[in-house]
Every structure is written in structure tokens, then in C-alpha cells.
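# Structural characterization, general
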Amino acid sequence: MTCEGVGMVEFEHVVVAGERLAGVAHRTPVLRSRLVDEAVGAEVFFKAENFQRMGAFKFRGAYNAVASLPEEQRRRGVVTFSSGNHAQAIALACRLLGVPATIVMPHDAPAAKVAATSGYGGKIVRYDRYAEDREAIGTALAEEQGLTLIPPYDHPDVIAGQGTAAKELFEEVGELDALFAPLGGGGLLSGTALATRALSPGCRVFGVEPEAGDDGLRSLRGGEIVHIDTPRTIADGAQTQHLGEHTFAIIRNAVDDIRTATDAQLVEAMRLFATYLKIVVEPTGCLGLAAVRNAAAEIEGERVGVIISGGNVDLERYATLLGSTESVT
Ligand SMILES: *Cc1c(COP(=O)(O)O)cnc(C)c1O
């Protein structure tokens, strides 16, 4: 099932996405930590999408979107522009479904990300991020070669796929009082909100974005999509410049509030994940926990969900962020 038009994504689409993803995406674990619970004074349930295929929830939306395409479009192939997790997600989804994938990536994209994307069989088209516009390149490729463009967040089938993570969380732990999800362009948050309104109607839903890029917060307050320059933050998965039309329509309707976290708070959350849960979480994946710590007074004694959105971070960068200067010999 696909749907056209803004505001047309419903929980029913999340359910259909869940059926498509069954046996393909991992049903990721829900993690608990008594020490985290004590530290924040609430019962916290972590949905660990860092354990999802390719290391982030983005596989859900990408696979759902590619699998939803009619045969003719699948045969011609898919194009997307991204240097991050969406690129790997599209490349992997296309490989699994036998669909040709073209990924538009900047010349200076990290070698590990380029290698991971081409390792999944994606064809990479490089561009100069200072001189060229990736959206224009993607659109031109789509037109010239008859490819279908699948954007990273502003697409009904992407949103529906992302909503399956929260759906699984509620199915596993029951209703919650509050749920925190990282926010970039809003695919994850809008899908999460659709699942929450259907499965735990009384639960407050919070999006969390980097403080340096608070366009989502300003958009929600001002009632229209705010555009900003690419924010400087370690949360590279949330360096978006604006929400999407589809995502904003859902966020306005179904999200309670948007919170922010500083880079220092993200590093502190990375440390807590490593120490208490023994897991590697990328900076963007730490937004939820950072916001929960900031909101401790407001969520005291409550049952609180946190979506850990991904775990893809170079080890050198991880070590640098955590401040390790010691070498192991
Ligand atoms: C893409 C991404 C986000 C933000 O998701 P949106 O759907 O753009 O809001 C958050 N965390 C990680 C790890 C991501 O890859």
C-alpha cells in the first residue's frame, strides 16, 4: 500500500510496513538498566535500534519504501542522496530486493561509509558538496535514467517503516507515560507518533534535536517549517536543515513537544550507554537519553521509552569524543 499527499500517512500504514518487515528487519531488543533507572528516577525502556540491520532504524523505512514500489519502478532502480545511514539502508534494502541502487554522495564522505554502501552493491555517484546541489543531481539522475527517488525522511512509506520500531516497543512493554525519539528531518519522530497515538494514546511523545539545530522546535512553535543552515553538532544524523512537508504535518498533530540536547550532553549519554548498558551508540542515537536526563523532574516515577536510533560511529571518532588519549600497547 502506498499513499499520496500530505497528511495521508496513518497507523494502518505502519501496520502494513510491519508485515513487510517481518522476518527481514531485526526485532531489536528492549534494554533496561537498574542504574539508569536510579539515576533518572524513572523506569526507562530503551528500544535498541543500534542493533538493527546496517546499524540504525533507517533500514525499516528504506526497505518498506523500496518493497512498496511497483515492479516496473523496481526494475529501473532507485536513487537517493545521503552520506549517512539512509544511503546504507537503501543500498542494503535494494540488494535484498534485487533492485539497482544509485547513491549520490559527497567527494569527502567518510571512506568507511562509502565502503559500506558500495559493499552492499550500491552504485555511488560523487559530487562536490561545496559547488553542487545533491538534490538537483539526484533529481536529474531520476529523470534521465527513470530512477525512483527515495528521500531520507519526507516520504509516506519511509515514515510508515520508521514507525514500526515504536510499534514493536509498545507491543513488548505495553503502554508508556512518555516516549523520546531523536529528530532530524522527522521520519522517525512522525512514525513514532503515529504508533504512539494508536497503541498508547495517553503517552506524551517528544522529539529531541541537537541544540545547535533547533529548527524543529521553532517550526512547532511557529506553526510553519523553519529552514536553517547546516548545524554544527556531533549528531551527524540530525544535521538536517528543515522538517519535511509530510513529517511536519504529523509532528504538528501528534507530537507533544520538542526538546534539545547539547553536544556535551550527548557525549555524557554515550558514556552512560557504554558504562551501564555496554553498548556503542552514535552521537545522534544519544539524543533521547540526553533529553530524559534533562527532563528528570518532569518524568519522575514514570514509565518512559527511549529510541536509540543507531550505533554507526568510527571507533577513532568514538574514542576521541569520549576523550580517550591513552594508547593501548
Ligand atoms: C537519520 C537518523 C536520525 C534522524 O532521523 P529523521 O527521520 O531524519 O528524523 C536519528 N538518528 C540516526 C542514527 C539517524 O541515522
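Residues numbered from 1 in each chain as written. Predicted model: local features only at pLDDT ≥ 70, side-chain atom pairs only at ≥ 80, totals over all residues. Heavy atoms only, no water.

Right, let's talk about the site of the ligand for a bit. Near the ligand, the surroundings consist of 15 residues, among which Lys58, Asn85, Gly184, Gly186 and Ser309 are the closest. Lysine 58 places a polar side-chain atom, nitrogen or oxygen, 2.8 Å from an oxygen atom of the ligand. Within the contact set of the ligand, an oxygen atom lies 2.7 Å away from a backbone nitrogen or oxygen of glycine 186. The protein chains hide 97% of the 380 Å² of surface that the ligand would expose on its own. Classifying every residue of the shell around the ligand by side-chain character gives four nonpolar, nine polar and two charged. (Near = heavy atom within 4 Å. Polar contact = N/O pair within 3.5 Å; in protein donor to acceptor, adjacent residues only side chain to side chain. Areas by Shrake-Rupley, 256 points an atom, 1.4 Å probe, with all protein chains shown as cover. Nonpolar A, V, L, I, M, F, W, Y, C, P; charged D, E, K, R; others polar.)

With numbering matched to this structure, UniProt assigns "domain: Tryptophan synthase beta chain-like PALP" (unreviewed entry) to residues 26-310. Between the first and last C-alpha atoms of residues 26-310 the distance is 13 Å; the span itself is 45% helix and 17% strand. (UniProt positions renumbered as here; feature names shortened; annotations may be inferred. Helix = DSSP H or I, 4+ residues; strand = E, 2+ residues; numbered from the N terminus.)

A few words now on helix 5 (residues 85-97). Taking 1.5 Å per residue, 13 residues should reach 18 Å; helix 5 reaches 18 Å between its end C-alpha atoms and fits that length. Across the 13 residues of helix 5, 11 count as buried, placing the element largely inside the fold. Within helix 5, the full set of buried residues consists of Asn85, His86, Ala87, Gln88, Ala89, Ile90, Ala91, Leu92, Ala93, Cys94 and Leu97. Those residues of helix 5 hidden inside the fold are in contact with helix 3 (58-67), helix 4 (71-76), strand 3 (78-81), strand 4 (101-106) and helix 6 (111-119). Looking at the residues trailing helix 5, positive phi occurs at glycine 98, about 70°. (Expected span 1.5 Å × (residues − 1). Buried < 20%, exposed > 50% of the residue type's maximum accessible area, 1.4 Å probe, protein only. Contact = heavy atoms within 4.5 Å.)

Counting 39 residues, the largest nonpolar core has Phe46, Phe180, Leu266 and Phe273 as the members making the most contacts within it. Listed by contribution, the elements that provide at least two residues to this core are helix 2 (34-40), strand 2 (43-48), strand 7 (178-182), strand 8 (204-210), helix 12 (263-277), helix 13 (287-294), strand 10 (303-308) and helix 14 (315-321). Of the residues forming this core, the biggest block, seven residues, is contributed by helix 12. One finds Ala62, Val78, Ala87 and Ala109 within the second-largest nonpolar core, a separate group that totals 28 residues. (Core = buried A, V, L, I, M, F, W, Y, C linked by side-chain atoms within 4.5 Å.)

Looking now at the side chain of serine 309. Tracing the sequence through the fold places serine 309 in the loop between strand 10 and helix 14. Not counting residues up to four positions away in its chain, the partners in contact with serine 309 are Glu49, Gly55, Ala56, Phe57, Pro182, Leu188, Thr284 and Gly285.

Let us now look at the sheet that holds strand 3. Taking strand neighbours across the sheet as the criterion, the four strands line up as 5-4-3-6 in an open arrangement whose pairing is parallel. One side of each edge strand has no neighbouring strand; the edge strands of this open sheet are strand 5 (123-127) and strand 6 (148-149). Relative to strand 4, strand 3 runs parallel, the two sharing four bridges. Residue pairing in the sheet places threonine 80 in a bridge with isoleucine 103 of strand 4. (Pairing = 2+ DSSP bridges.)

Let's shift gears to unusual backbone geometry. Even without a glycine there, the phi angle at methionine 54 is positive, about 55°. Inspection of the secondary structure puts methionine 54 in the loop between strand 2 and helix 3. Within the chain, lysine 278 stands out as a residue other than glycine whose phi angle is a positive 60°. On the accessibility criterion, lysine 278 (65% relative accessible area) is exposed.

Here we come to the side chain of aspartate 37. Position of aspartate 37 relative to the elements: it lies in helix 2. Aspartate 37 gets classed as buried once you look at its relative accessible area, which sits at 14%. Of note is the side chain of aspartate 37, whose polar atom sits 2.6 Å from the side chain of arginine 32. In this structure aspartate 37 touches Arg32, Ala42, Glu43 and Val44, once residues within four positions along its chain are discounted.

This next bit is on the packing of aromatic side chains. Under the definition given, this model contains three aromatic pairs. Consider the rings of phenylalanine 59 and tyrosine 63, whose centres lie 5.6 Å apart with planes at 45°: the pair is tilted. A residue pair is termed a helical-turn pair when its members lie 3 or 4 positions apart in one helix, as phenylalanine 59 and tyrosine 63 do in helix 3 at four residues. Classification of tyrosine 63 by relative accessible area gives buried; the value is 9%. (Phe/Tyr/Trp six-rings, centres within 6.5 Å; stacked < 30°, edge-to-face > 60°.)

This paragraph deals with the confidence of the model for the protein. Mean pLDDT for the protein: 94, with 96% of residues reaching 70 or above. Per-residue pLDDT, averaged within each element of the protein, yields its smallest value for helix 6 (84) and its largest for strand 7 (99). Within the model, the stretch residues 1-5 combines pLDDT values under 50 with 13 contacts to residues more than four positions away or in other chains. (pLDDT = per-residue confidence, 0-100.)

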